[in-house]
Structures are given as structure tokens and as C-alpha cells.
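Structure at a glance
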Amino acid sequence: MFKKKTIKDVDIKDQVVLLRADYNVPLGKNDRGELKVMSDFRITAGLPTIKYLLEHEAKKIIIISHLGRPKGRDDELTLRVVAERLASLLPSVTVGFVNDCRGDEVEQAVEEMPKGSILMLENLRFDSGEKKNDEFFAEDIVRSTGATLFVQDGFAVTHRTHASTVAIAKLLPAVAGLLIEKEVTMLRNALEKPKHPFVTIIGGAKVADKQPLIDEFLPVADRLIIGGKIAADGYTSENPQVYVAEDFDENEAGEKLDVGPVSTCKIVDMLSGAKTVLWNGVLGKVEDPAYATSSVIVAKYLGENDKITSIICGGDTSGFVEELQINNPSLNYSLVSTGGGAALQLLSNGEMPGLDALENK
């Protein structure tokens, strides 16, 4: 059970909602050299929260987010293009943008907002106060927006102690959005009460990052599969429930860059009877299509099997699956987590200050 209050536990009507979303999306450029959103997965993932707020007559919705890792203001990391994409996804709603996240310009823009409209503020990380969890920065945002309710729906940042995860939550009634509720519930259920047989796939590059996850899932999973670079680098286990990939596709220099066909077949066979599968960490060097074969096979198997509760988490794995879905829209997963480090921290029972700051039920 999700233990924090959500937007369903409070009266939304006539509230000025400050919504912390996670719009840290990949940007590129079109043929005219203009910035564009390359994947709107994180934007669409947060739409249920926005639609709920609108349907329950929120007076105004002001959205805050970060994008990238700017060092000061950077026009290549503006949220303006994200606001434009959001507007295209909500054609019946007025979606505005203001080129700051606090101050007179924000105050005026909020004042001019029609009832039932949305305003997106500029990239929080253009201001050093965001990552410093600066109380004065948080106070300025709240004062400038006139917010009466804070909704945290940016799961990917809940493991950070930033102004938009902790400081603001101390200034307003603070509750979770529907995306956070879904992600936290599904990830915790995978640890605490998964449907069995339960298979966990762990890939990626660094054993140090993944060992806490392996340790957490060993007592829970019926089968734990190790792939990726950690397997290629010689990870071993004497536990009979752990399967470590045993063959690999190599480049001309002899580097093991993908799980090989023998191991891939065994992995798919292990997945065939599963009711729950949690996958964290790609199985090969997926940025090179020649070494993405095993990951593609596993992703397609899970995405085409509606009898499996499939949970995809970890930044590289979620991003890989997102791209695969662009060309294969029929692929469907129970959860593709928006949070890489946050999911890992939650599953490893690490601190989650952005969750802890929200009101308990």
C-alpha cells in the first residue's frame, strides 16, 4: 500500500497547484536547426496526473521541472520546447510558458492565466538554488506562483535533496501524483509481494552499483539472471537460483559486448513461465545495434506477453525500451519506470528524501 497522500486524498477544486514533473527528456534538432523533443515518454507518463487535476477543477496548474545538467542559463536546455509538446498533447487546454522560474515575470504570467490552464516555468537548474535545496529559492517559487498545493510527480528526482523535492514540500501541503504512486507501488510490490514465479534480470556495467540490488532480490526472486558487462567481466555466483550469462558476442578486439545466442535462448526459456519479471540493466552495448540483439529479444518477449507483469527500470534500460516502442508501438509493459537512480535507490532500500517529504495518509 502507498503510504503517502496523493491527489486523490485532497480537495483539488480551486487550488493553485505547483506540480513537480520530470520532463528531463532527450532533445535534438529538426531540419531547420530548431530544438525538438526526441521522445515524449516522460511527458505522456505524467498526463494522468495533469488530467486528474483538470477534471477536478484545479484553478491553475504551474509545472516545474529540470532538464539536463546546465551550468547556469543554457538556451539549448530550455523547457519551452517541452511546453510546446505538452500543448500538442492537450489540445483543449491552454498551455503557457514563462522564461524564468521565479520573480516578477512569473508572478505576472500566473496572474494572467485563465482558469483551468497550465503554465510551465523555465528549467529549475538554471538557478543554483535548485540543487542546493535552497530555502529562499523555494520560497521565491511559492511566492511568485501563489501556489496553495504542491504535487510531487517527478519520481526520477525523489532520491535527490533538491529545492523541488524537499524545500518546497516544507512550505505547502505536499502530496504525490498518480505517476509516483504507480511507480513506487509497483517497484515495492516487486520486492515485497511479487506474483511467482518471479524472475529478476540484472545487467549493466558496474558490479558495485548492482550488488545491492542483487542482494535485495536474492531472497525474493525464483530466478536471478545476470547479463551485461558485469557478466562479461566474470561475475560469478554459487547460488543455484542465479544464472550468469555464459557466452558472448565479441568484436574484432575480443571485447565481450553482448550476451550470446546460447545464453539468450536460456534466458528466454527462464522467462517463459514467469508471472513477474523485473529488468534492470541492458544485456549488451545497445547503442551499437550489432550488440543489442539479446536486449531486443528479451524486450520483445516481455512486451508481447501480457501474462507477465513486466517492470522495466534503470535509465539505460527504460531508455532502450522507450526507443524500441517507437518502432514497435504494440509492445506493452506493466511499468517502464521514469526513474533510473531513483528506482535503484528505492529497490535497494536507500533514502528517498523527495518521498519522505510528502504527507502521510
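You'll find the structure just up there.
Residues numbered from 1 in each chain as written. Predicted model: local features only at pLDDT ≥ 70, side-chain atom pairs only at ≥ 80, totals over all residues. Heavy atoms only, no water.

Now for the packing of aromatic side chains. Evaluation of the coordinates by the stated rule reveals one aromatic pair. Aromatic pair Phe198 and Phe217: ring centres 5.8 Å apart, planes at 65°, arrangement edge-to-face. Here Phe198 is found in strand S9 (residues 198-202), whereas its partner Phe217 is found in helix H8 (residues 207-217), with 19 residues between them in sequence. Side by side, Phe198 and Phe217 carry an identical accessibility label, which is buried. (Phe/Tyr/Trp six-rings, centres within 6.5 Å; stacked < 30°, edge-to-face > 60°. Helix = DSSP H or I, 4+ residues; strand = E, 2+ residues; numbered from the N terminus. Buried < 20%, exposed > 50% of the residue type's maximum accessible area, 1.4 Å probe, protein only.)

The subject of this paragraph is the pairing of strand S1 (residues 16-20). Extensive coverage of S1 is indicated by the burial of five of its five residues. In S1, alternate side chains face the same way, and those of Val16, Leu18 and Arg20 on one face and Val17 and Leu19 on the other are all buried. Here S1 pairs with strand S7 (residues 149-152) via four bridges, running parallel. In the strand pairing of S7, Leu19 is matched with Val151. (Pairing = 2+ DSSP bridges.)

To continue, consider the environment of Ala299. With respect to the helices and strands, Ala299 occurs in helix H11 (residues 293-303). Judged by its relative accessible area of 0%, Ala299 falls in the buried class. Residues Ala299 and Ala169 lie 130 residues apart in sequence; the distance between their C-alpha atoms is 37 Å. Those residues within four positions of Ala299 in sequence are excluded, and the remaining contacts are Trp279, Phe320, Val321, Leu324 and Tyr333. (Contact = heavy atoms within 4.5 Å.)

On to the layout of surface pockets, then. Empty space within the largest pocket amounts to approximately 1,500 Å³. Along the walls of the largest pocket sit 50 residues, with Gly314, Gly315, Asp316, Thr317 and Gly340 positioned nearest its centre. When residues of the lining of the largest pocket are traced back to their parent elements, those giving at least two are H8, helix H9 (228-232), strand S13 (256-259), helix H12 (315-327) and helix H13 (341-347). For the lining of the largest pocket, the element with the most residues is H12, which contributes eight residues. A per-class count over the lining of the largest pocket returns 14 nonpolar, 19 polar and 17 charged. Quantified by volume, the second largest pocket comes out at close to 380 Å³. Around the second largest pocket, the lining is made up of 17 residues, and of these Phe41, Ala45, Glu322, Gln325 and Val336 lie nearest the centre. (1 Å grid on protein atoms, 1.4 Å probe; cavity = no way out; pocket = protein on both sides within 12 Å on 5 of 7 lines; lining within 4 Å. Points joined across faces, edges and corners; volume = space filled by probe spheres on them. Nonpolar A, V, L, I, M, F, W, Y, C, P; charged D, E, K, R; others polar.)

Let's shift gears to the sheet that holds strand S5 (residues 95-98). Taken together, six strands build an open sheet; the order of strands is S5-S6-S4-S1-S7-S8 and the sheet is parallel. Bordering the open sheet on either side are S5 and strand S8 (174-176), each of which pairs with just one other strand. For this sheet, the mean angle separating the axes of adjacent strands, direction not counted, is 25°. Judged from the four bridges that link them, S5 and strand S6 (residues 117-121) form a sheet pairing that is parallel. Note that in S6 the partner of Gly96 across the bridge is Leu119. (Axes fitted to C-alpha atoms, helices over the stretch in contact; angles between N-to-C directions.)

Here the focus is empty space enclosed by the protein. One pass over the full model with this rule turns up one cavity of 30 Å³ or more. Lining of the largest cavity is provided by Leu19, Ala21, Asp22, Tyr23, Arg42, Gly46, Ile50, Asp153 and Leu179. Looking at side-chain class alone, the lining of the largest cavity contains five nonpolar, one polar and three charged residues.

Those residues of H11 not exposed but buried are Ser294, Ser295, Val298, Ala299, Leu302 and Gly303. Buried residues of H11, viewed axially, fall in a sector of 155°; they line one side. (Arc of directions from axis to C-beta.)

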